[in-house]
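# Examination of the molecular architecture
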Amino acid sequence: MGKVVLVCSGKGGVGKTTFAVNTSIAAAGRGLKVLLMDLNMGRRNIDIYLGMEDRILFDLGDVMSGLCTLDRAIIDYDLCPGLSIIACPQYREIDGIGPGHLRALYERLRDLYDLIVVDCPVSLGGILRTVANGADAALIITIQDYSSVRNADALNEKLESIGVSKRCYAINRMDKQYSGSDSIPGLSFITKALQIPLVGIVSEEPAIHLANNCGCPVALESGSDMQQRFAQIATRILQQ
Ligand SMILES: Nc1ncnc2c1ncn2[C@@H]1O[C@H](COP(=O)(O)OP(=O)(O)OP(=O)(O)O)[C@@H](O)[C@H]1O
Ligand SMILES: [Mg+2]
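Now for a look at the structure at hand.

### Looking at the overall build of the protein
Within the protein, the secondary structure is distributed over ten helices and eight strands. Radius of gyration (C-alpha) of the protein: 17 Å, near the 18 Å computed for a compact globule of 240 residues. With respect to the three principal axes, the spread of C-alpha positions in the protein is 55 × 40 × 35 Å. Out of the 240 residues belonging to the protein, those deemed buried represent 45%. Taking the contacts inside the protein whose residues are at least 6 apart along the sequence as the reference set, 80% of them involve residues at least 24 apart.

Now the structure itself:
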């Protein structure tokens, strides 16, 4: 039975899509069959980060409306055997989608994949409930901002109340120049605030920003530090 892992955050723009993409590549690199789902409806980005914008003919909205079958909307990522993606609509939410729909979809996908990674929208309300219902685990991304940590804490509580029992977090865009200063939240502050396992730290890296924009993810760079970092993160998430 495959595992459904949400990649989410309390604040937008902190690295959810970066982590969802690179962790999925890392997991597929270990031989797992992985489906990366973009559920950031109306704000999809996974296709850009993977350089697949031209390949999206159908999305989950089309599946929900009956325009196409699920397998027509799922596309293999040629640069990483074992990894497939499904997009969501680019400019709108999916009409009428609710927690029951995604719970049923996750059930179906669990039989087909070892791991289903969900790039989530930022929400504490109905849309979070819709995507989180029936998920097995959540990876919460935060950056070193007091506001981001507080919002991550609120999300963590909400996920617990929805029933996502396995939750962990990662820190993105860590900047060493602030280490040891209280000006921004450090590792001990964040760990104490969130009280869930830390699975990885990714530093501020211009190479990541460039890779996202070029559509060639850092986790594909064989033997690189970034590839190793995301491989560790994938392993820790899967061990949970
Ligand atoms: N470690 C990093 N170093 C440098 N730039 C990064 C890093 N992680 C992410 N970025 C950049 O930060 C921006 C936001 O990243 P990303 O799109 O992954 O965040 P997000 O949480 O998915 O955003 P949204 O809430 O809009 O979906 C992008 O421009 C991305 O290239
Ligand atoms: Mg995103």
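Here the narrative resumes, following the displayed structure.
### What to know about the site of ligand 1
Neighbouring ligand 1 are 20 residues; Gly-12, Lys-16, Thr-17, Thr-18 and His-209 lie closest to it. Counting only elements with at least two residues in the shell around ligand 1, the list comes to helix H1 (16–29), strand E7 (166–174) and helix H9 (206–214).

### Some points on the sheet that holds strand E8 (residues 198–203)
Pairing in this open sheet of eight strands is mixed, and the strands run E3-E4-E2-E5-E1-E6-E7-E8 from one edge to the other. One side of each edge strand has no neighbouring strand; the edge strands of this open sheet are strand E3 (74–76) and E8. With direction set aside, neighbouring strand axes in the sheet form an average angle of 20 degrees. For E7 and E8, the ladder comprises four bridges, and the chain directions are parallel. Looking at the pairing, Met-174 lines up with Ser-203 of E8.

### What to know about the nonpolar core
Among the nonpolar cores identified, the biggest contains 76 residues, and Val-5, Leu-6, Val-7, Leu-36, Val-117, Val-118 and Leu-139 are the most heavily contacted of them. No other element matches the seven residues that H1 contributes to this core. The contacts of Leu-6, once residues within four sequence positions are left out, are Val-118, Cys-120, Val-131, Ala-132, Ala-135, Ala-138, Leu-139 and Val-164.

### Topic: unusual backbone geometry
Here the phi dihedral of Arg-173 falls at roughly 60 degrees; this positive angle occurs in a residue that is not glycine. Examined against the element boundaries, Arg-173 turns out to sit in strand E7. Arg-173 sits in the buried class, given 20 other C-beta atoms within 10 Å.

### A few points about the packing of helix H7 (residues 146–162) against helix H8 (residues 187–194)
For the pair H7 and H8, the least separation of the axes is 9 Å and the interaxial angle reads 25 degrees. When the interaxial angle is binned, H7 and H8 end up roughly parallel. When the axes of H7 and H8 are compared, the crossing they make is right-handed. When H7 is examined against H8, the residues Val-149, Ala-152, Asp-153 and Asn-156 are found in contact with a partner set consisting of Ile-190, Ala-193 and Leu-194. Taken together, the residues of the contact of H7 with H8 sort by class into five nonpolar, one polar and one charged.

So, how was this worked out
- Residues numbered from 1 in each chain as written.
- Chains lettered and ligands numbered in written order.
- Predicted model: local features only at pLDDT ≥ 70, side-chain atom pairs only at ≥ 80, totals over all residues.
- Helix = DSSP H or I, 4+ residues; strand = E, 2+ residues; numbered from the N terminus.
- Rg over C-alpha atoms; globule rule 2.2 N^0.38 Å.
- Buried ≥ 20, exposed ≤ 12 C-beta atoms within 10 Å, placed from the backbone.
- Contact = placed C-beta atoms within 7 Å.
- Near = placed C-beta within 6 Å.
- Pairing = 2+ DSSP bridges.
- Axes fitted to C-alpha atoms, helices over the stretch in contact; angles between N-to-C directions.
- Core = buried A, V, L, I, M, F, W, Y, C linked by C-beta atoms within 7 Å.
- Parallel < 35°, antiparallel > 145°, perpendicular 65-115°, else oblique.
- Left-handed = near helix turned anticlockwise from the far one by under 90°.
- Nonpolar A, V, L, I, M, F, W, Y, C, P; charged D, E, K, R; others polar.

Function cannot be inferred from these measures alone, as they are strictly geometric.
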